[in-house]
Amino acid sequence: MLILFKLLGNKRLFLMLFGLILFIALMGFTLGGRLNLTWPEKFVHDTVTFVQQIFYRPASYVSNFVKDVSSLKELHEENEQLKMMLVQYTRDKAYYNSVAAENKRLLDDLEFTERQKQMNMPYKYRIAQVTSINVADPFNQTLNLNLGSKNGVRQGMPVISTEGVVGIVSRVFEFSSTVQLLTNMDEKDPNSPAISATVLGKENKSFGVIESYDHSSGTFLMTRIQEDDELEEGDTIVSSGLGGSFPKGLVLGQVVSRQVGDIGLTHSATVKPAATYRDWRELFIVITPDMNETGKEAQQ
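Residues numbered from 1 in each chain as written. Predicted model: local features only at pLDDT ≥ 70, side-chain atom pairs only at ≥ 80, totals over all residues. Heavy atoms only, no water.

Chemist: Where do I start with the sheet that holds strand E3 (residues 158-160) in this structure?
Modeler: Strand-to-strand pairing in sheets goes through backbone hydrogen bonds, with the strands running parallel or antiparallel. What the six strands build is a closed barrel, ordered E1-E2-E5-E4-E3-E12; its pairing is antiparallel. Ignoring which end each strand starts from, the neighbouring axes of this sheet average 45 degrees apart. (Pairing = 2+ DSSP bridges. Helix = DSSP H or I, 4+ residues; strand = E, 2+ residues; numbered from the N terminus. Axes fitted to C-alpha atoms, helices over the stretch in contact; angles between N-to-C directions.)

Now the structure itself:
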């Protein structure tokens, strides 16, 4: 008994014994087959839940923020890659369109030369690249080609597109040449060449002369047409070759209308040019047998 009183007199030992007894009692309550929780259990559970809630939300916000920053970085990298791919695609598409357009032009040129061969004309068609176009002065439009005297080009040679006659070589340099467009034709200019013309398919029944171009209407004027000439609207006008200054069979345009001439003795016709005078890349220089130097073929 004396020993028990001594133990109870020791406060620390007493508290440890009380705590041990309380722990054993709690263990007994929790390990038992109970459906309802005790108030200490409820208190502890609610306290832990409240404390978890306090720390969970900020931690969740921080975690989501870090995840969003990481996703934003990945999105930025993907966006940069897509921009690079778009630039590459645009470059490739432009190159493809350029190659496709050039291929189409060359195919058109090939088909044109084949059609010319079928006409059995003794001409050579030398393809030339257009290096520049001067259209600042509408009454003196010219263009430059990359072929010159070294390539057999001579002054007065016709220059055509796949559509029709474009102009005449006016000046020749060693490695280039200048072409005077037919839109510069003016009957009042003594230096402006006139082209004798006829109707395709009616070469023996039609004749006229094209010697002027109307800038307001964008058409040629064909004059000196006889009253009984069979020329009519819709006919294709080609060079007749008469006079020897311009080879025959080259397409000039299409008849838009026919009317009585100013004097009344002959008729005239309005002719729409066959060449559209667009942004040319390649043109053909027509070389006839009598235009070859000293009767020999010009060097390529």
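Chemist: What am I meant to see in the sheet that holds strand E7 (residues 208-214) here?
Modeler: Strand order in the closed barrel formed by six strands is E6-E7-E8-E11-E10-E9, with antiparallel pairing between adjacent strands. With direction set aside, neighbouring strand axes in the sheet form an average angle of 45 degrees. As paired strands, strand E9 (residues 236-239) and strand E10 (residues 251-260) are joined by three bridges and run antiparallel to one another. Bridge pairing links Val238 to Val251 in E10.

Chemist: In this structure, what is going on with the pairing of E10? I would like to understand it.
Modeler: Two faces, one strand: in a regular strand the side chains alternate between the faces of the sheet. Bridge count for E10 against strand E11 (residues 267-273) is seven bridges, and the pairing is antiparallel. Bridged to Val255 within E11 is Val271. Hairpin remark: E10 followed by E11, antiparallel, with six residues in the connecting loop; positive phi at Gly264, about 100 degrees.

Chemist: Help me understand the side chain of Thr270, please; the structure alone is not making it clear to me.
Modeler: Structurally, the position occupied by Thr270 is in strand E11. A polar contact of 3.5 Å, which involves the side chain of Thr270, links it to the side chain of Gln259. Contacts of Thr270, omitting those with residues within four sequence positions, involve Thr219, Phe220, Gln254, Val255, Val256, Ser257 and Gln259. (Polar contact = N/O pair within 3.5 Å; in protein donor to acceptor, adjacent residues only side chain to side chain. Contact = heavy atoms within 4.5 Å.)

These figures come from the coordinates and say nothing about function on their own.
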